[in-house]
Amino acid sequence: MTTTTEPARENNMTDNNDRTSHRQIGRRQALKGTMATSLAWMAGSSTLASRAHGDDSHRDTTLIQRENQHAGSTDWQLTRVRLDQSTFRSPWIEGYCSKQSVAAGESIDIMVSTDPVQDFTIEIFRTGYYGGRGARLMKTLGPFKGKAQPLPAIGEKNLHECRWEPSVSLTIPDDWTSGVYLGRLTTTNDASGHGYWQSYVVFIVRDDRPADILFQCSDNTWQAYNRWPDKYSVYTHPKGNQGPWADVSFDRPYAKYAQIYENPQSIGSGEWLCFEFPFAYWLEQHGYDVTYCSNSDMLTPNRGLKCKSFLSVGHDEYWNIRQYESVVKMRDEGVNLLFFSGNSVCWVTPYRDSYDGRANRIMFRGGPYGGDYRYAVERERDHGPFPARGPDEGYLMGSRNVDPVNGGGDWVVEKPDHWMFEGTGMKKGEAIPGLIGWEYHGDPPADIAGLEVVAKGVALQGGVNPQNWTATIYPGPNGNFVFNASTIFWCQDLSSPPGHMLPWSHWSRPHGPDDRVQRITHNLLKRAIRR
């Protein structure tokens, strides 16, 4: 879990009156949005706000299917990786991009450092299904002359903001489909004369088309936990690991994933391959009409209002307050919200510009979401003062962050007669082993009209300390719904793409692809897109 903060100019939450109003807004909007919806919900109304979904006649619903007809690559993973004594960084070759996301026709700079100096190449892959291969080679760049680029001076609040020279500027072709793209960096040699070293950079290609599904990548959380060059995440400040003390910049490489397990494929790729890619792989395998965005692309509701459903996937902990307000607006306008995630909407995450004026490149933990809920109050007491307090996220997601919020357990069905379980054959009390973890949600607000607890159980923190979790669904105001799976691990039981490593934490682990989880997900998505 982590914390982030919004600057006063962004969230207007710096005095007591503003803080109170944001604490109340989540409950007020949820109750307003769910009044008089029971009849439409029970009838399974397919009437959704038309402006929330665009004009169906202009949809290109087969774009992802056509994209995945292209040949996949048999060689897109990292093969030879090496870490320095920090065990997080790969100075032999490492890099980062100038933007979190980019649209076709726009350019993105890729900064690369090689130490010792080596020539290198960059191969750009789009991740997807591609007949089971998992990625498609889009372009090869280089070879380039390498150079050792400097470590940044430590700034205020322990900020590490690189100012590296670009190695290449890439203009995104018009025919590059929205998705998550990996740039594989490879030296042309090593000290032995026989090998090479590799790492990734990662960026999102976004678009603006109407689509059935908007997949939001959790890149704020990737950056919050990024320790590059060794101990500089929002959790490593000497004043404490849960306060507003540390700023982090997107202008630095992603170090190896630092939390629950060792994954060499995470060097440079954030948490994409760990906790989100299995979902995208599965969606594209089944031809769903999906488009992708970053957290920072959701600062207005405009992108989401063109889509029928919005997905939060994996570990989606850090949300800017404008992002929160956007998703509330989307729900109220008829977009279906599906939280296939855990520990989501936990910390208010303010942005500010980079040293050269690029927007949304520096973030910090600004304060807890939760309004007056006890976990938010306790975090303020124990780790504040914070400059921001977000609304109670339970009135958006249907279930809340709780303390403890981490642990492992089985996902246990509570309401098997619900339509989401159709075709699974599941019975009350039946468990899907290890699907809860390593963080989840619980304690759903009792006053959301029509809210149902569809699964519930106990997670064990550290294998011994019990905590209740709940998976929920509730009706929105326009025949739509909000689902909360209450686990980071949901995607682990959807697919196992090439190179994927199952995580384990708190002495518990998911088992991998499960036809029950796949059927539940199909049922939810087909209802969300009316297919």
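Residues numbered from 1 in each chain as written. Predicted model: local features only at pLDDT ≥ 70, side-chain atom pairs only at ≥ 80, totals over all residues. Heavy atoms only, no water.

## Side note on the overall build of the protein
Scanning the protein for helices and strands turns up 11 helices and 23 strands. Here the protein holds 531 residues, and 64% of them are scored as buried. Element-wise, carbon and sulfur atoms account for 48% of the exposed surface of the protein, whose accessible area totals about 18,600 Å². (Helix = DSSP H or I, 4+ residues; strand = E, 2+ residues; numbered from the N terminus. Buried < 20%, exposed > 50% of the residue type's maximum accessible area, 1.4 Å probe, protein only. Areas by Shrake-Rupley, 256 points an atom, 1.4 Å probe, with all protein chains shown as cover.)

## Points about the sheet that holds strand 15 (residues 347–348)
Judged by pairing direction, the sheet is mixed, and its 3 strands sit side by side in the order 13-15-18 without closing on themselves. Two strands lie at the open edges of the sheet, namely strand 13 (318–319) and strand 18 (367–368), each paired on one side alone. Bridge count between strand 13 and strand 15: 2 bridges; the pairing is parallel. Residue pairing for strand 15: Trp-319 is matched across the bridge by Val-348. (Pairing = 2+ DSSP bridges.)

## Quick notes on helix 11 (residues 515–529)
Across its 15 residues, helix 11 extends 21 Å between first and last C-alpha, which sits within 8% of the 21 Å expected from 1.5 Å per residue. Buried within helix 11 are the following residues: Arg-516, Val-517, Ile-520, Thr-521, His-522, Asn-523, Leu-524, Leu-525, Ala-528 and Ile-529. Structurally, the start of helix 11 carries an N-cap: the backbone nitrogen of Arg-516 is 2.8 Å from a side-chain oxygen of Asp-514. A positive phi of about 60° marks Arg-530, the residue just after helix 11. (Expected span 1.5 Å × (residues − 1). Polar contact = N/O pair within 3.5 Å; in protein donor to acceptor, adjacent residues only side chain to side chain.)

## As for the packing of aromatic side chains
Summed over all chains, the structure comprises 36 aromatic pairs. Judged by centre distance (5.7 Å) and plane angle (45°), the ring pair of Trp-347 and Phe-386 falls under tilted. You can see Trp-347 sitting in strand 15 and its partner Phe-386 sitting in the loop between helix 9 (374–383) and helix 10 (394–397), a full 39 residues away along the chain. With relative accessibility at 0%, the residue Trp-347 sits in the buried group. When the centroid spacing of 6.3 Å and the interplanar angle of 70° are considered together, the rings of Phe-483 and Trp-490 count as edge-to-face. (Phe/Tyr/Trp six-rings, centres within 6.5 Å; stacked < 30°, edge-to-face > 60°.)

## A word on the pairing of strand 9 (residues 211–216)
Across the 6 residues that make up strand 9, a large majority, 6, are buried. For strand 9 and strand 12 (residues 307–315), the ladder comprises 5 bridges, and the chain directions are parallel. Bridge pairing in strand 12 places Gln-216 opposite Ser-312. Both strand 9 and strand 11 (residues 290–293) contribute to a ladder of 4 bridges, which runs parallel. Bridging from a neighbouring strand, Leu-214 pairs with Thr-291 of strand 11.

## Comments concerning the pattern of salt bridges
For the structure on display, the rule yields 32 salt bridges. Its salt-bridge partner being Arg-358, residue Asp-356 comes within 3.0 Å of it at the nearest N-O pair. The residue Arg-381 makes a salt bridge to Asp-382 at a minimum N-O spacing of 2.7 Å. Judged by relative accessible area, Arg-381 falls into the exposed class, the value being 58%. Its relative accessible area of 47% is what places Asp-382 among the partly exposed residues. If you follow the salt bridges from partner to partner, you end up with Asp-207, Arg-209, Asp-289 and Arg-303 in one network. (Salt bridge = Lys/Arg side-chain N within 4 Å of Asp/Glu carboxyl O.)

## What about the environment of Tyr-369?
Locating Tyr-369 in the fold gives a position in the loop between strand 18 and helix 9. Measuring from C-alpha to C-alpha, the distance between Tyr-369 and Tyr-318 comes to 9.7 Å, with 51 residues separating the pair along the chain.

## Concerning the packing of helix 7 (residues 277–285) against helix 11
A pair of packed helices is captured by two measures, namely the crossing angle of their axes and the spacing between those axes. Running from N to C, helix 7 and helix 11 point in directions that differ by 65°, and their axes come no closer than 12 Å. Considering the angle they form, helix 7 stands roughly perpendicular to helix 11. Seen from above, helix 7 lies across helix 11 with right-handed handedness. Across from Phe-279, Trp-282 and Leu-283 in helix 7, the residues of helix 11 making contact are Gln-518, Thr-521, His-522 and Leu-525. (Axes fitted to C-alpha atoms, helices over the stretch in contact; angles between N-to-C directions. Parallel < 35°, antiparallel > 145°, perpendicular 65-115°, else oblique. Left-handed = near helix turned anticlockwise from the far one by under 90°. Contact = heavy atoms within 4.5 Å.)

## A few points about the sheet that holds strand 21 (residues 452–461)
A sheet is described by the order of its strands in space; here 7 strands give the open sequence 11-9-12-14-23-22-21, paired in mixed fashion. What marks the edges here is a single partner per strand, and that holds for strand 11 and strand 21. With direction set aside, neighbouring strand axes in the sheet form an average angle of 20°.

## As for unusual backbone geometry
Cis peptide bonds are those with omega within 30 degrees of zero, and the linkage from Asp-115 to Pro-116 qualifies with 10°. One can find Pro-116 in the loop between strand 3 (107–113) and strand 4 (120–127). For the peptide bond that leads from Trp-228 to Pro-229, omega is 0°, which places it in the cis range. Looking at where Pro-229 falls in the secondary structure, it is placed in the loop between helix 5 (219–224) and strand 10 (247–249).

## A look at helix 8 (residues 321–332)
Here helix 8 contains 12 residues, and its C-alpha end-to-end distance of 17 Å stays within 8% of the 16 Å for a straight helix at 1.5 Å per residue. Those residues of helix 8 not exposed but buried are Ile-321, Gln-323, Tyr-324, Ser-326, Val-327, Val-328, Met-330 and Arg-331. Where helix 8 begins, the side chain of Asn-320 points an oxygen toward the backbone nitrogen of Arg-322, at a separation of 2.8 Å. Remark: Gly-334 follows helix 8 within two positions and exhibits a positive phi of approximately 110°.

## Concerning the environment of Ser-101
Relative to the helices and strands, Ser-101 is located in strand 2 (residues 101–103). By relative accessible area, Ser-101 is classed as buried at 6%. Sequence spacing of Ser-101 and Ile-204 is 103 residues, and the spatial spacing of their C-alpha atoms is 4.4 Å. Discounting chain neighbours no more than four positions away, the residues touching Ser-101 are Ile-204, Arg-206, Ser-294 and Asp-297. One polar contact links Ser-101 to Arg-206, side chain to side chain, over a distance of 3.0 Å.

## Let's talk about the nonpolar core
One finds Phe-215, Trp-272, Phe-279, Leu-283, Trp-411, Trp-490 and Leu-524 to be the most contacted residues of the largest nonpolar core, which totals 75 residues. Setting aside its immediate chain neighbours within four residues, Leu-283 contacts Ile-213, Phe-215, Tyr-288, Val-290, Leu-311 and Leu-525. Formed by 26 residues, the second largest nonpolar core is a distinct cluster that contains Val-328, Met-330, Val-345 and Leu-396. (Core = buried A, V, L, I, M, F, W, Y, C linked by side-chain atoms within 4.5 Å.)

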